[in-house]
Amino acid sequence: MKALILSGGKGTRLRPITHTSAKQLVPIANKPIIFYGIEAIRASGITDVGIVVGDTEAEIRAAVGDGSAFGIRVTYIRQDAPRGLAHAVKVSQGFLGEDTFVMYLGDNLILDGITPLVEEFRRDRPNSQILLARVPHPEEFGVAELDGDRIKRLVEKPKEPKSDLALVGVYMFDATVFQAVKAIKPSARGELEITDAIQWLIDKGHTVRPHVIDGWWKDTGKLEDMLEANRIILDTLVPRTDGTIERSDITGKVVIEAGARVVASSVRGPAIIGKGAQIENAYVGPFTSIGDGVIVRGSEVEHSIILEGASISDIGGRIESSLVGRNVSIYRSQHKPRSFNFMLGDRSEVGLI
Ligand code: G1P
């Protein structure tokens, strides 16, 4: 069995972060989202992995490499434009051949992994197995209508959803799916939808088995989703201190990586302080990921994700529910006249109090 990870897409809902970085590389608890998917795939025993890439190919390659660091072998497959998930399957036919495979959307996180689901698929050999999860806003997803164990209908982002069962971004297929992706036509948003391909399989009498999962799952397309994923994953960390702590209070689950220094500060977990980060005269509150080399000085940060190399100095209030990009600098301005000084990327957001 092989795996196909989809890592294209433009990440429009995460701009400006995704102007300069692939959304699958935004770190959750200081680890790129896509790494969680890779690890889940490896844990299920699959080592032959294709990664479908688009404009951000170079970065994904730089982060994942040949896969040996994860114990897998990676083949990169270029998709010329985001033409849909079914199109990604189509362009991967050469790599997938006649094998069965699991398709994993690179921005999805499933806390419990996929091992039992892959085992079930291997054992029972349906043509396809889909995962479903109950969600509060099904209209944002592909939605399934079930009749007992049978799928009646799958609709991509319906205006009036017939159920609250969303398609999770993990799918299992055998080679019949290639007939489906070739038969379907682009949707209203101009993409070849995997949802339509699976509906085609159902209509032609192939077996598509639904599996409703009850564990935590997230499609991390938006800031709120990133913060939620960060909360959930940080809570699973095992506390550890490899850095140094001086005159500070550390409470709850806190990971302090090698080379990090926490001085005259208070850190309340769950939180992670990345390699070489400097926390000085500061407060780092629950559900915060501080990236490698970040500086937090004379400031308070809580429920946030601060990416590598950013620095936050002497700001008066507390930063909360924020995503701060790489090497961003936020500081108290010394200029006269006293004024706000910004240099913000396109589509940045600043909330002042
Ligand atoms: C895609 C699928 C959708 C599925 C979702 C899960 O949506 O088209 O059916 O529910 O992934 O993450 P997209 O994120 O491309 O809008």
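All values reported here derive from a predicted model rather than from experimental measurement.

(A) Looking closely at the packing of aromatic side chains. Scanning the model with the defined rule gives 6 aromatic pairs in all. Through a chain of ring-to-ring contacts, the aromatic side chains of F101, Y171, F173 and F178 assemble into a single cluster. Sitting above the plane of the F95 ring, K2 keeps its charged end 5.0 Å from the centroid. A cation sits over an aromatic face here: K31 above Y36, 4.6 Å from the ring centre.

(B) Quick peek at the site of the ligand. Around the ligand, the surrounding shell holds 13 residues, and the nearest of these are G142, E156, K157, L167 and D219. Contact between the ligand and L167: an oxygen atom at 2.6 Å from a main-chain N or O atom of the residue. D219 places a side-chain nitrogen or oxygen 2.8 Å from an oxygen atom of the ligand. Contact with the protein chains removes 89% of the 380 Å² of surface that the ligand exposes when unbound. One can see that the ligand is located within the second largest pocket. Here the shell around the ligand takes 3 residues from strand β11 (residues 165–173), the largest share from any one element. Considered class by class, the residues forming the shell around the ligand number 5 nonpolar, 4 polar and 4 charged.

About the thresholds
Residues numbered from 1 in each chain as written. Predicted model: local features only at pLDDT ≥ 70, side-chain atom pairs only at ≥ 80, totals over all residues. Heavy atoms only, no water. Phe/Tyr/Trp six-rings, centres within 6.5 Å; stacked < 30°, edge-to-face > 60°. Lys NZ or Arg CZ within 6 Å of the ring centre and 35° of its normal. Near = heavy atom within 4 Å. Polar contact = N/O pair within 3.5 Å; in protein donor to acceptor, adjacent residues only side chain to side chain. Areas by Shrake-Rupley, 256 points an atom, 1.4 Å probe, with all protein chains shown as cover. 1 Å grid on protein atoms, 1.4 Å probe; cavity = no way out; pocket = protein on both sides within 12 Å on 5 of 7 lines; lining within 4 Å. Sits in = over half its atoms within 2 Å of the grid points. Helix = DSSP H or I, 4+ residues; strand = E, 2+ residues; numbered from the N terminus. Nonpolar A, V, L, I, M, F, W, Y, C, P; charged D, E, K, R; others polar.

These figures capture arrangement, not role.
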